[in-house]
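Coordinate inspection notes
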Amino acid sequence: MTTPRGEQPHQRHTAGVDPLARLRGPDDPGCDVFLTGTVFLDIVFTGLDSVPARGTETWARGMGSSPGGVANMATALARLGLRTALAAAFGDDHYGEYCWDALETGEGIDLSRSRTVPGWHSPVTVSMAYDGERAMVSHGHEAPPPDGALPEYPPRARAAVASLVPGRHEEWVAGAARRSTRIFADVGWDDTGRWDLAGLVDLEHCEAFLPNAEEAMRYTRTSCPRAAARALARKVPLVVVTLGAEGAYAVDEATGECAEVPAIEVAALDPTGAGDVFVAGFVTGTLAGWPLADRLAFAGLTAALSVQEFGGSLSAPGWVEVAAWWNLVQDCSGQDPDALRRYAFLEALLPAPVRPWPLRRAVPTIGFRSA
């Protein structure tokens, strides 16, 4: 038996800034961005000197617990002021209750298309972060199919984010595209080793595709991520390839425009969820109608801010964090004027910083609430 919750078509958001305010009208869809997928409980250990060795006990200098999986992306979008709807299954254990409450009450995410599954335990991931890398162990079972009527799925939305899987067709993607929803897609590692671009069958419905450099080169059989982006742009209108420490490169086939923005150098605590935050930042800028280079810069900035916190949804920055960072870098001596001008477009958007940098975004433990 599955239990849907109440309908909340215009769920409040907690971001404090609405990047789409000037675009909103009476005929707006119920949400800005729709997602579906699996929600995990993430338990993150940080401050490890190395991967734990077999037969030993290792103490971490920090830890955090938060909703993970697709919740990372949903939280990142909501914290940037987008009305976000998530369709997912939640266990009726304490982990599931915690994740539901954290997303709905804490982040203002619309869960009216989600369901609680009695007797199904929540999937769990333990992530260990060290030297800017991570190792993960996960456990979970696929949620049973619903046995009753659920709310309409997907809803009418400005955009949706899909995670493409080789050989898998998701009917909701085509349905959303038919309703003029703009589809943004990322992709994971191809465990089959085939790296067949034709296997990404839902790519034809996508407006934008955001792989990392290794994924892009493997799918296009190229040795250069920029060449890979140009090759992918023959398949999808807008391609963004993330380049790790080098930043990101984008090709807009519709306009012929290319853009590249370098990464911001930061001391990384935990990279968990940084890719989701990058996508959320890029979606936000795209829906707001920003120039391509500004979208890349904002996505890279939000991802850089996220890796300085405990990973997963806890680390996703909001506008207060962006404002605090902008206030800090302008007051720091020795800043490159050209680099500062790259982010000057933020001036008209940002709220006045109410707290100095660095900021703590959440209490990373089940059972406590942030002040």
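Read on for an overview of the structure. (Residues numbered from 1 in each chain as written. Predicted model: local features only at pLDDT ≥ 70, side-chain atom pairs only at ≥ 80, totals over all residues. Heavy atoms only, no water.)

1. Quick word on the overall build of the protein
Check the secondary structure of the protein and you find nine helices and 15 strands. For the protein, the proportion of contacts with a sequence separation of at least 24, taken over those separated by at least 6, is 71%. Accessible area for the protein stands at about 17000 Å²; split by element, carbon and sulfur atoms hold 52% of it. (Helix = DSSP H or I, 4+ residues; strand = E, 2+ residues; numbered from the N terminus. Contact = heavy atoms within 4.5 Å. Areas by Shrake-Rupley, 256 points an atom, 1.4 Å probe, with all protein chains shown as cover.)

2. Concerning helix 5 (residues 225–232)
All buried positions along helix 5 are accounted for by Pro225, Ala228, Ala229, Ala231 and Leu232. Along the long axis of helix 5, the arc covered by the buried residues comes to 165°, so they all point the same way. Taken together, the buried residues of helix 5 touch strand 12 (208–209), helix 4 (213–220), strand 13 (238–242) and strand 14 (248–252). (Buried < 20%, exposed > 50% of the residue type's maximum accessible area, 1.4 Å probe, protein only. Arc of directions from axis to C-beta.)

3. Re the sheet that holds strand 9 (residues 133–139)
Here we have four strands laid out as an open sheet, ordered 4-3-8-9, and mixed in their pairing. Single-partner strands in this sheet number two, and they are strand 4 (62–69) and strand 9. Averaged over all adjacent pairs, the angle separating strand axes in this sheet is 20°, with direction ignored. Taken together, the seven bridges between strand 8 (residues 124–130) and strand 9 define a ladder with antiparallel strand orientation. Paired with tyrosine 130 across the strands is glutamate 133, a residue of strand 9. Relative to the sheet, helix 2 (residues 94–106) contacts strand 3 (39–46), strand 4 and strand 8, its axis offset from that of strand 4 by approximately 80°. (Pairing = 2+ DSSP bridges. Axes fitted to C-alpha atoms, helices over the stretch in contact; angles between N-to-C directions.)

4. Some thoughts on the environment of alanine 159
By the element assignment, alanine 159 lies in strand 10 (residues 157–164). By relative accessible area, which is 0% here, alanine 159 ends up buried. The spatial distance from the C-alpha of alanine 159 to the C-alpha of phenylalanine 184 is 7.3 Å, given a sequence separation of 25 residues. Not counting chain neighbours up to four residues away, the residues in contact with alanine 159 comprise Asp32, Val33, Phe34, Thr181, Arg182, Phe184 and Leu287.

5. Notes on empty space enclosed by the protein
The final tally for this structure, using the stated rule, is three cavities of 30 Å³ or more. Here the largest cavity is characterised by a volume of approximately 60 Å³. Lining the largest cavity are Ala162, Ser163, Leu164, Val165, Arg168, Glu170, Leu200, Val201 and Asp202. In terms of residue class, the lining of the largest cavity is made up of five nonpolar, one polar and three charged. (1 Å grid on protein atoms, 1.4 Å probe; cavity = no way out; pocket = protein on both sides within 12 Å on 5 of 7 lines; lining within 4 Å. Points joined across faces, edges and corners; volume = space filled by probe spheres on them. Nonpolar A, V, L, I, M, F, W, Y, C, P; charged D, E, K, R; others polar.)

6. Quick word on the packing of aromatic side chains
Throughout the structure, instances matching the rule amount to nine aromatic pairs. Note on tryptophan 189 and tryptophan 195: the rings are 4.8 Å apart at their centroids and 80° apart in plane angle, and the pair reads as edge-to-face. The exposure class assigned to tryptophan 195 is buried, which follows from its relative accessible area of 5%. (Phe/Tyr/Trp six-rings, centres within 6.5 Å; stacked < 30°, edge-to-face > 60°.)

7. Observations regarding the pattern of salt bridges
Enumeration according to the criterion identifies 15 salt bridges in this entry. Across the pair arginine 158 and aspartate 28 runs a salt bridge whose closest N-O atoms are separated by 3.0 Å. Here arginine 158, found in strand 10, pairs with aspartate 28, found in the loop between strand 1 (3–4) and strand 2 (31–36); they are 130 residues apart in sequence, far enough to count as distant. According to the relative accessible area criterion, aspartate 28 is buried, its value standing at 16%. Taken together, the shared-partner salt bridges in this structure form one network comprising Asp18, Arg24, Asp28, Asp32 and Arg158. (Salt bridge = Lys/Arg side-chain N within 4 Å of Asp/Glu carboxyl O.)

8. Focus: the sheet that holds strand 11 (residues 182–187)
The strands making up a sheet are joined through hydrogen bonds of the backbone, oriented either antiparallel or parallel. What the eight strands build is an open sheet, ordered 5-2-10-11-12-13-14-15; its pairing is mixed. In the strand order of this sheet, the two ends are held by strand 5 (84–87) and strand 15 (257–261), each with one partner. Strands strand 2, strand 10 and strand 11 of the sheet are contacted by helix 3 (residues 171–178), whose axis makes an angle of about 155° with strand 10.

9. Considerations on the packing of helix 4 against helix 5
The relative placement of two packed helices comes down to the angle between their axes together with the axis-to-axis distance. Between helix 4 and helix 5, whose axes approach to 8 Å, the crossing angle comes to 60°. One finds that helix 4 runs oblique with respect to helix 5. For the pair helix 4 and helix 5, the crossing hand works out as left-handed. Across the interface between the two elements, Ala213, Ala216, Met217 and Thr220 from helix 4 touch Pro225, Ala228, Ala231 and Leu232 from helix 5. Partitioning the contact of helix 4 with helix 5 into residue classes produces seven nonpolar, one polar and no charged. (Parallel < 35°, antiparallel > 145°, perpendicular 65-115°, else oblique. Left-handed = near helix turned anticlockwise from the far one by under 90°.)

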